[in-house]
Amino acid sequence: MDGTNDSTQGNFILLGFSDHPHLERILFVVILIAYLLTLMGNTTIILVSRLDPHLHTPMYFFLTHLSFLDLSFTTSSIPQLLYNLNGHDKTISYTGCAIQLFLFLGLGGVECLLLAVMAYDRFVAVCKPLHYLVIMNPHLCMGLVSLAWGCGVANSLIMSPMTLWLPRCGYCKVDHFLCEMPALIRMACVNTAAIEGIAFILAVGIVLSPLVFILISYGYIVRAVLSIQSSSGRHKVFNTCGSHLTVFSLFYGNIIYMYMQPGTSSSKDQGKFLTLFYNIVTPLLNPMIYTFRNKEVKGALRRLVLGNLSLRKRL
C-alpha cells in the first residue's frame, strides 16, 4: 500500500489491549456476560413496551427507540471485540471498519438527540400536564424520532468518509479495540487540524446543543417541581424524570470527553476504557435503571409474567 490509496484497501489491525494478554482474558469473560445481559435487558424493555397497552405512551415509545439504539450500538462492535479478544487474529477488513465507524458515529449521534427528545417529553409531562397528550401526539413523536435519526445519520455520512480517506502512508494498526474516529485520526500521516475542526463543529450541533437543551428543560422542570405543594406530587415527578436524568448523566459523562476532544488530545488508554464503558456498561445499565426506578415498567413485567403463568395453567 502507498500513501495515495491506502485508505481504500487492505485490512486494519485492532491492537486493543494486546499489550496486556492477561487483561484480555478477563475482559473477554466480563464483556461476554455484560453483552448477553445487555441483549436480554434491552430486548425485554422493547417487548414489554410493545406488549403492554399501559405503556403505549410517548415516553415508552421513545424508550423503545433508546433500547433499540443500545442493542444496535453494542452489536456494531462488541462481537468483533470478543472475536479479537479470544484469539491471536486482531484484523478487521476495510469494509468492516467502515461499517463499524459509520454505525458508531451514527447511532451515537442519534442517541444524543433522542435523549434531548425524551427531555422535551418530560418537560411537557411536568410543565404542561393537561395538554400532554395533545402536544405529544403520535405525529409529533414520530417526527421527533425521525429528526433524531436523520441528523445522526447525516453526521456520520459526513465524518465517516472524511476520517477513512485520511492518508495513512501504509500504517494499518489502530491503537484501539474498534474503528473509532479519534483512533483513526491519530493514524494519519498528514496534518489533521482541519478534520478535527470540522469534527468539533459537528460535535457542537450533535452533542453540545442537545446537552444545553436538556439542561434548560430540566431547569423548567425543577422550577415546576418547586411550585408543587404536596410531597407525593414531587415524589411522582422525581420518579418520572429520575430514570431519564440518570441515563442522560451516564451517557453524556463519557461522550463529551471522547468526542469534544478528537485526535491526539486525549489519553489513549483512558480513551479505550471510556469507550468500553460507553459501549457496554451504559447500554447494560439503561434497562436496569428504567426497570428498578419505574413502577410502570415493573407493573408491566408483573402483568406479563402473571398472564403467561395463568395461560399455562389453563392449557
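Throughout what follows, the structure given in this document is the object of discussion. All residue numbers refer to position in the chain's written sequence, counted from 1. With pLDDT at 70 or above as the cut-off, local features in this predicted model cover only qualifying residues; side-chain atom pairs require 80 or more to be listed or tallied, and sums for whole chains, interfaces and linings still use all residues. With hydrogens and water set aside, each side-chain value is computed from the structure's full complement of heavy atoms.

A short note on the sheet that holds strand β2 (residues 91–93)
Okay, step 1: Note on pairing: DSSP must find at least two bridges between two strands before they are called paired. Helix and strand labels come from DSSP, where a helix needs a run of H or I of at least four residues and a strand needs a run of E of at least two; each type is numbered from the N terminus. Taken together, three strands build an open sheet; the order of strands is β2-β1-β3 and the sheet is mixed. The open sheet is flanked by β2 and β3 (173–174), the only strands paired with a single partner.
Okay, step 2: Pairing analysis gives three bridges linking strand β1 (residues 11–14) to β2, with the strands arranged antiparallel. Considered in β2, the bridge of Ile 13 is made with Thr 91.
Okay, step 3: On top of the sheet, helix α4 (residues 94–127) reaches β1 and β2; it is set at about 85 degrees to β2, its chief contact. Throughout, a contact is declared for two residues whenever any of their heavy atoms are within 4.5 Å. The axes are straight lines fitted to the C-alpha atoms, using for helices just the contacting stretch, and the angles between their N-to-C directions are given from 0 to 180°.

Considering the pattern of salt bridges
Close approach of charged atoms lets side chains of opposite charge pair.
Okay, step 1: Any Lys or Arg side-chain nitrogen located within 4 Å of an Asp or Glu carboxyl oxygen qualifies as a salt bridge. Under the defined criterion, the tally for this structure stands at one salt bridge.
Okay, step 2: Arg 122 is paired through a salt bridge with Asp 121; the nearest N and O atoms lie 2.7 Å apart.
Okay, step 3: We classify Asp 121 as buried; its relative accessible area is 1%. Relative accessibility thresholds used throughout: buried, under 20% of the residue-type maximum; exposed, over 50%; partly exposed, between the two (1.4 Å probe, protein chains only).

Here we look at the state of the cysteines
Okay, step 1: Note on terminology: pairs of cysteine sulfur atoms within 2.5 Å are recorded as disulfides. Applying the stated criterion to the full structure yields two disulfides.
Okay, step 2: A sulfur-sulfur separation of 2.0 Å characterises the disulfide bridge that pairs Cys 97 with Cys 179. On the sign convention where negative is left-handed, the bridge of Cys 97 and Cys 179, at about -125 degrees about the S-S bond, is left-handed. Separated by 82 residues along the polypeptide, Cys 97 in helix α4 and Cys 179 in the loop between β3 and α7 (181–186) bring together distant segments of the chain. Each member of the pair Cys 97 and Cys 179 is classed as buried.
Okay, step 3: Here Cys 169 pairs with Cys 189 through a disulfide, and the sulfurs are 1.9 Å apart.

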